[in-house]
Structures are given as C-alpha cells and as structure tokens.
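This is what each chain is made of:
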Amino acid sequence: MTRTINTVTARDGTIIHFTDWGHGTPVVFSHGWPLNGDAWENQMMFLAEHGYRVIAHDRRGHGRSSKAWHGNDMNTYADDLGAVLDALDISGATLVGHSTGGGEVARYIGRHGTDRVAKAVLVGAVTPQMMVSPANPDGVPMSVFDGIREGVKNDRAQFFLDLATPFFGFNRPGQKDSEGLRQTFLIQGLQCSLKSAYACIKQFSETDFTEDLKKMTVPTLVVHGDDDQIVPLATTARRAVELLPQGRLSVYEGAGHGLPVTHKDQLNAELLAFLRS
C-alpha cells in the first residue's frame, strides 16, 4: 500500500484522497452521494478545534480521488475506507457516515469488524435498505431510482442543481435559502465522474445492510431529520436502530437530508457529546 501526505493507493491502484486535521482521538467521516469529504467541513473544523483528529476521504470516483471505472460497489467502498484506516494506523475511531456514507460505514464494519472502531454515527443513512423489497415493503419504488439514473445521464449538472433544493429543504416554509449551497452541491457533484455517479445509484438504493447493522456491536448514534425528502426516516433510521445492538435514535424536528449543513450547530453539539460519553 502506497501513502502520501494526503492519498492512499488502494489494492487495485485507485488513489484515494483524504483530509487529515487536528490531533487526538480520531473521528473518520464518510460522505454522501455525489459529494466528497468537504461535505463534512463544518463538523471537521468544529471537532478539530475541540481536540479531535478528523479524517475524511473522497470515495473513489468522487472529489479528488481517482476516477476509477471499476470498483464502484459498496464492498470496494468499504475496503477503500479500510485502506485509509490501515494506512494511517487508526485505532479507537468513531466512524461517521452520511447517507451513502452511512452504508459505507456499516459495510466496513460488516466486512472488517470493529478492531479499529470504538463508536459509530449514522446520519441520514441509507441503512438498512432504501429500495422497496420483500424485506422492505415500505421502501422507495425502483422507478424513483430509475428517474435519478435518467437525470444523471441526460443532464447531470442540471439534475444536481435541482436536487440541492429538496436535499437542503429549500422548498419548505421557513427554511433559509442559499444559492451558495446550491452551487457548492453542484460543484462537488460535478467533481464526481459520470461513471461513478451513475454506478453509485444502484449501491445506495439496492444494497441491503441488515446483516452489517447486526455486526455493529459498538455504541451507535443514529441521527435523522423527520422531514428528510431524500432518505425517508420511517424505512431507514427507524428500522436501523432496531437492528443495531447498541443503537440510539435522535430525530431532528424539521430537518431534511442536508442536516450536517442546515443543522450543523445541533449536530456538532450532539457529536461532541457522543464522543465524550
């Protein structure tokens, strides 16, 4: 495994970029689709200022990592996270995942165990499964994800720009609008390759994380907005906490999917309390 000051080379040669700030107990972040590690900048700066080492990588095909054609699947995502943890020799970490990143955290523990992990946090996570299935009859219909695929293929720039509105809840009364956040979402989304953006849709929608959640034996905080228009609370977080051996659910009233930004102060305070507990 090859490592530079801010990259790790995965087993197949894909270069995974990461940001590593601060000193102290490590907190490792996994981002949502189609973003990159900078989506966690509010939490990373806050926790680094409070004495923690914070690390966030860009998923393969996303951000500053290699635009790999192969390996755009949840098992490889989890192994790439493992490569970062191994290269930095991380131990006693709290893994924090948002949306697709929550699935990545769960699959990492499902595949690699908890030797390097002390706690976990799932924020607006896609666990245990998004898509409707026999095990998830109230899930999201496949037609919704087919529509996402069509939007990404036809005009992903416009699709990402439009997606930012429900993502941050700008279409809800009382929610402060921000063209800056829309443009930031668009910029990060366009840093993701078309191949990876398209392939990842199947991973965050169809993957079943039930068995992974059962293996998450560390204390796990589940945070979700009750107005999440992207990842429905009832079929994800409420089901996930029932599968987690040490899970605790925290529901943010009025929060949407982009709560790490729109409710950053509330989330930062809760993360700090959870880390100190």
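Use the structure listed above.
If you're wondering where the values come from, they're calculated on a predicted model, not measured in any experiment. (Residues numbered from 1 in each chain as written. Predicted model: local features only at pLDDT ≥ 70, side-chain atom pairs only at ≥ 80, totals over all residues. Heavy atoms only, no water.)

To continue, consider the pairing of strand β6 (residues 117-123). Of all 7 residues making up β6, 6 are buried, and the element is well covered by its neighbours. With 6 bridges joining them, strand β5 (residues 93-98) and β6 adopt parallel strand pairing. Note on β6: the bridge partner recorded for V96 is V121. Handedness of the β5-helix α3 (residues 100-112)-β6 crossover: right-handed. Here 4 bridges tie β6 to strand β7 (residues 220-225), and the two strands are oriented parallel to one another. (Buried < 20%, exposed > 50% of the residue type's maximum accessible area, 1.4 Å probe, protein only. Helix = DSSP H or I, 4+ residues; strand = E, 2+ residues; numbered from the N terminus. Pairing = 2+ DSSP bridges. Right-handed = clockwise from strand over helix to strand, strands pointing away.)

Okay, the pattern of salt bridges next. It is possible for side chains of opposite charge to pair when their charged atoms get near one another. Scanning the entire structure with this criterion turns up 18 salt bridges. The shortest N-O distance in the salt bridge between D89 and R116 comes to 3.3 Å. Taken as a pair, D89 in the loop between α2 (74-87) and β5 and R116 in the loop between α3 and β6 lie far apart in primary sequence, 27 residues in all. Residue classification places D89 among the exposed residues on the basis of a relative accessible area of 57%. Here K202 makes a salt bridge to E206, at a shortest N to O gap of 2.9 Å. Of the two residues, K202 and E206 both sit in helix α6 (residues 194-206), 4 residues apart, roughly one turn of that helix. Residue K202 is classed as partly exposed on the basis of its relative accessible area, which comes to 41%. E206 gets classed as partly exposed once you look at its relative accessible area, which sits at 23%. Among the charged side chains, a network of salt bridges with common partners joins R11, D79 and R111. (Salt bridge = Lys/Arg side-chain N within 4 Å of Asp/Glu carboxyl O.)

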